[in-house]
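Residue-level structure breakdown
Each chain, letter by letter, is given below.
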Amino acid sequence: MSENTPIEKAEGKLGVMMPGLGAVATTFIAGIQAVKHGLSQPYGSLTQMGTIRLGKRTENRVPKIKDFVELTGLGDLVFGGWDIFTDNVYQSALNAGVLRKELLDQIRDDIERIEPWKAVFDQNYVKKLHGEHVKKAATKYDLAQMLMEDIQGFKEQNGLSRMVMVWCASTEIFMRQDPVHKTVESFEKAMKDIHPAIAPSMIYAYASIASGVPFANGAPNLTVDIPAMHELAGAKGVPIAGKDFKTGQTLMKTILAPGFKARLLGLNGWFSTNILGNRDGEVLDDPESFKTKEESKLGVLDYILQPHVYPELYKGLYHKVRINYYPPRGDNKEGWDNIDIFGWLGYPMQIKIDFLCRDSILAAPIVLDLALFLDLAQRCGMKGIQEWLSFYFKSPMCAPELYPEHDLFIQLMKLKNTLRHLKGEELITHLGLEYYD
Ligand SMILES: NC(=O)c1ccc[n+]([C@@H]2O[C@H](COP(=O)([O-])OP(=O)(O)OC[C@H]3O[C@@H](n4cnc5c(N)ncnc54)[C@H](O)[C@@H]3O)[C@@H](O)[C@H]2O)c1
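Now for a look at the structure at hand. Note that the coordinates shown come from a computational prediction; the quantities given were computed from them, not determined experimentally.

So, about the overall build of the protein. When you go through the protein residue by residue, the secondary structure sums to 16 helices and eleven strands. Computed over its C-alpha atoms, the radius of gyration of the protein comes to 22 Å, within 12% of the 22 Å expected for a compact globule of 437 residues. Expressed as a percentage of the 437 residues in the protein, the buried residues total 55%. Within the protein, contacts between residues separated by at least 24 positions form 75% of all contacts whose residues are at least 6 apart in sequence. As displayed, the protein has an accessible area near 19,400 Å², and 52% of this comes from carbon and sulfur atoms. Of note, the protein has its 49 positive side-chain charges centred 2 Å away from the centre of its 54 negative side-chain charges.

And the structure:
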């Protein structure tokens, strides 16, 4: 039995702030309103629909996760965000074309009043976008101060007890760690020097963490995955998580690949291609933004299959990922996978997957769960990288000396065991020998 961690009560309102009020963010916000009005159910959300087994299989204790750990109720969520366009959440959701107009009209009053604050944006980091609704200041440090004023204002105007921030804005260009990312001191100096290694997403993350607000990164940008942010999060007692929501094709990969490996089936090649026509697709049409996404998508198989441990099965695996911008499809992405596997005596086989998915429908419950779990983490005194939330990410952040865990089922076990640990319940190992004593 683990020690029972003191958990602060989830009293009062929780503000959920999102840089980027596009397809994902508006589908999330509108979805919560629809659920609150009884128009639908929170399908896909572990915090709302998931259960957790406690104790022995003979005990029949399987509460819902939200009844087991104290999470903020949907009625206590308040939303805010920034965007480079002035559209309110109703208009932006209409433009995104994910949810039907008839549904949006039923919750119009709730979502129309959410208007974006001016963004911190620089086209050098997202080549395909141009927006006017943007803050102006002398340095990047001043921009961070302006974001902190937005955060404080949001808290005061809505009488919030706590806040979280989830990055739902566009994917920025590919960036590597720079020496200025090393410490909080060098990072702050670089912001004041308007250094190019400080991307807009990092300015939001800095403002969030410096304000004591947990931060999750839904895109593959470097953002909080740098030592300066880890240091700041530690010093401020703030939980952080990232990166890149694990939805469509990568979700399928992290479901299937552990299965192939479990049965020692070899892999010669895995070719993945996508067509999508939303703004995310348009942004990813730029090679520099695509490179950021590609890195995030490619890492998954290597970590799961461990070709250095299983060279006979996975060395030489050819893995390719393509994303094609194809406007007619809008948010309804189509992801094809061709998987060349081999089995006994090396005989080859093929698997074809055609996933007609809806990107933002898959991402919205992840935003909800991350917001609620990060808030829980903060109420439990957890700070820095929250590896137990790897379940939600394509490129999970972890301690520098570790490799990330990508297997969806190990990630889920880790998440649930973390919840059991927090509540002083026995961890579940699935050993089960005691049933046969
Ligand atoms: N939908 C998914 O399945 C999924 C999965 C993984 C990651 N993501 C990532 O989530 C992000 C959002 O996806 P989406 O489909 O909602 O895209 P979107 O293009 O519909 O929305 C992004 C919004 O961010 C705004 N924006 C861009 N830069 C900004 C900045 N600096 N500050 C404030 N606003 C800014 C854009 O104007 C746009 O409204 C993307 O980075 C995407 O790669 C999405």
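A word on helix α4 (residues 89–96). Think of an α-helix as 3.6 residues a turn; residues three or four steps apart then line up on the same face. Within α4, the full set of buried residues consists of Val-89, Tyr-90, Ser-92 and Ala-93. Looking down the long axis of α4, one finds its buried residues gathered within 165° of arc, a one-sided arrangement. With a side-chain oxygen positioned 2.9 Å from the backbone nitrogen of Tyr-90, the residue opening α4 is Asn-88. A positive phi of about 70° marks Gly-97, the residue just after α4.

If you walk through the whole model with that rule in mind, you get 17 salt bridges. The closest approach of N and O atoms between Asp-150 and Lys-135, which form a salt bridge, is 2.6 Å. Placement of the pair is Asp-150 in helix α7 (residues 140–158) and Lys-135 in the loop between β3 (117–118) and α7, with a sequence separation of 15 residues. For Lys-135, a relative accessible area of 11% corresponds to the buried category. As a salt-bridge pair, Asp-375 and Arg-379 come within 3.2 Å of each other at their nearest N and O atoms. Separated by four residues within a single helix, Asp-375 and Arg-379 lie in helix α15 (residues 359–379), roughly one turn from each other.

In the vicinity of the ligand lie 29 residues, with Val-24, Asp-83, Ala-169, Tyr-204 and Thr-247 positioned nearest. Here an oxygen atom of the ligand and a backbone polar atom of Ala-169 are 2.7 Å apart. At 2.9 Å from an oxygen atom of the ligand is found a side-chain nitrogen or oxygen belonging to Thr-171. For the shell around the ligand, the secondary structure elements donating two or more residues are α1 (23–36), β2 (77–83), α12 (279–284) and α15. The greatest single-element share of the shell around the ligand, amounting to three residues, is contributed by α15. Considering only residue class, the shell around the ligand consists of 15 nonpolar, seven polar and seven charged.

Overall, parallel pairing links the seven strands, which are arranged β3-β2-β1-β4-β5-β6-β11 in an open sheet. Each edge of the open sheet is held by one strand with a lone partner, namely β3 and β11 (384–385). As paired strands, strand β6 (residues 239–241) and β11 are joined by two bridges and run parallel to one another. Within the sheet, the bridge partner assigned to Ile-240 lies in β11 and is Ile-385.

Moving on, we get to the packing of aromatic side chains. Evaluation of the coordinates by the stated rule reveals eleven aromatic pairs. Centre to centre, the rings of Phe-28 and Phe-79 are 5.4 Å apart; their planes meet at 90°, and the pair counts as edge-to-face. Taken together, the positions of Phe-28 in helix α1 and Phe-79 in strand β2 put the pair 51 residues apart, joining distant regions of the chain. Phe-79 sits in the buried class, given a relative accessible area of 8%. The interplanar angle of 70° and the centroid separation of 5.5 Å between the aromatic rings of Trp-167 and Tyr-204 together place this pair among those described as edge-to-face. Of this pair, Trp-167 sits in strand β4 (residues 160–167) while Tyr-204 sits in helix α9 (residues 200–210); the two residues are 37 residues apart in sequence, bridging distant segments of the chain. Tyr-204 gets classed as buried once you look at its relative accessible area, which sits at 3%.

Here we take up the environment of Ala-205. Along the chain, Ala-205 turns up in helix α9. For the pair formed by Ala-205 and Val-166, sequence separation is 39 residues and the distance between their alpha carbons is 9.3 Å. Ala-205 has contacts with Phe-215, Thr-223, Val-224 and Met-229, leaving out every residue within four places of it along the chain.

Moving on to the side chain of His-319. Mapped onto the fold, His-319 is located in strand β8 (residues 318–325). Under the relative-accessibility criterion, His-319 is labelled buried at 17%. A distance of 2.8 Å separates polar atoms of two side chains, one belonging to His-319 and the other to Lys-253. Dropping the residues within four chain positions of it, His-319 is found in contact with Lys-253, Trp-270, Lys-297, Leu-298 and Leu-301.

The next subject is the sheet that holds strand β9 (residues 334–342). Strand order in the open sheet made by the four strands is β8-β7-β9-β10, with mixed pairing throughout. Single-partner strands in this sheet number two, and they are β8 and β10 (348–356). Across the sheet, the mean angle from the axis of one strand to that of its neighbour is 10°, orientation sign disregarded. Pairing of strand β7 (residues 266–276) with β8, which is carried by eight bridges, proceeds in the parallel orientation. Opposite Thr-273, over in β8, you have Arg-322 as the bridge partner. Set on the sheet, helix α11 (residues 248–262) makes contact with β7, β8, β9 and β10; between it and β7 the angle comes to about 165°.

On the surface, Trp-344, Leu-345 and Tyr-347 cluster together to form a nonpolar patch covering roughly 510 Å² of accessible area. Tracing the sequence through the fold places Trp-344 in the loop between β9 and β10.

Below, the discussion takes up the packing of α7 against α9. Across the interface, α7 lies against α9 with an axial gap of 9 Å and an inter-helix angle of 50°. Classified by the interaxial angle, the pair formed by α7 and α9 is oblique. The handedness of the crossing between α7 and α9 comes out as right-handed. The segment α7 lies against α9, with Lys-140, Tyr-141, Leu-143, Ala-144, Leu-147, Met-148 and Ile-151 engaging Ile-203, Tyr-204, Tyr-206, Ala-207, Ser-208 and Ala-210. In the contact of α7 with α9, the residues fall into eleven nonpolar, one polar and one charged.

Reading the values: the criteria
- Residues numbered from 1 in each chain as written.
- Predicted model: local features only at pLDDT ≥ 70, side-chain atom pairs only at ≥ 80, totals over all residues.
- Heavy atoms only, no water.
- Helix = DSSP H or I, 4+ residues; strand = E, 2+ residues; numbered from the N terminus.
- Rg over C-alpha atoms; globule rule 2.2 N^0.38 Å.
- Buried < 20%, exposed > 50% of the residue type's maximum accessible area, 1.4 Å probe, protein only.
- Contact = heavy atoms within 4.5 Å.
- Areas by Shrake-Rupley, 256 points an atom, 1.4 Å probe, with all protein chains shown as cover.
- Lys, Arg positive; Asp, Glu negative; His and termini not counted.
- Charge placed at Lys NZ, Arg CZ, Asp CG, Glu CD.
- Arc of directions from axis to C-beta.
- Polar contact = N/O pair within 3.5 Å; in protein donor to acceptor, adjacent residues only side chain to side chain.
- Salt bridge = Lys/Arg side-chain N within 4 Å of Asp/Glu carboxyl O.
- Near = heavy atom within 4 Å.
- Nonpolar A, V, L, I, M, F, W, Y, C, P; charged D, E, K, R; others polar.
- Pairing = 2+ DSSP bridges.
- Phe/Tyr/Trp six-rings, centres within 6.5 Å; stacked < 30°, edge-to-face > 60°.
- Axes fitted to C-alpha atoms, helices over the stretch in contact; angles between N-to-C directions.
- Patch = residues over 30% accessible without salt bridge, like charges linked within 9 Å, V, L, I, M, F, W, Y side chains within 5 Å.
- Parallel < 35°, antiparallel > 145°, perpendicular 65-115°, else oblique.
- Left-handed = near helix turned anticlockwise from the far one by under 90°.

Everything listed here is a matter of geometry and, on its own, says nothing about what the molecule does.
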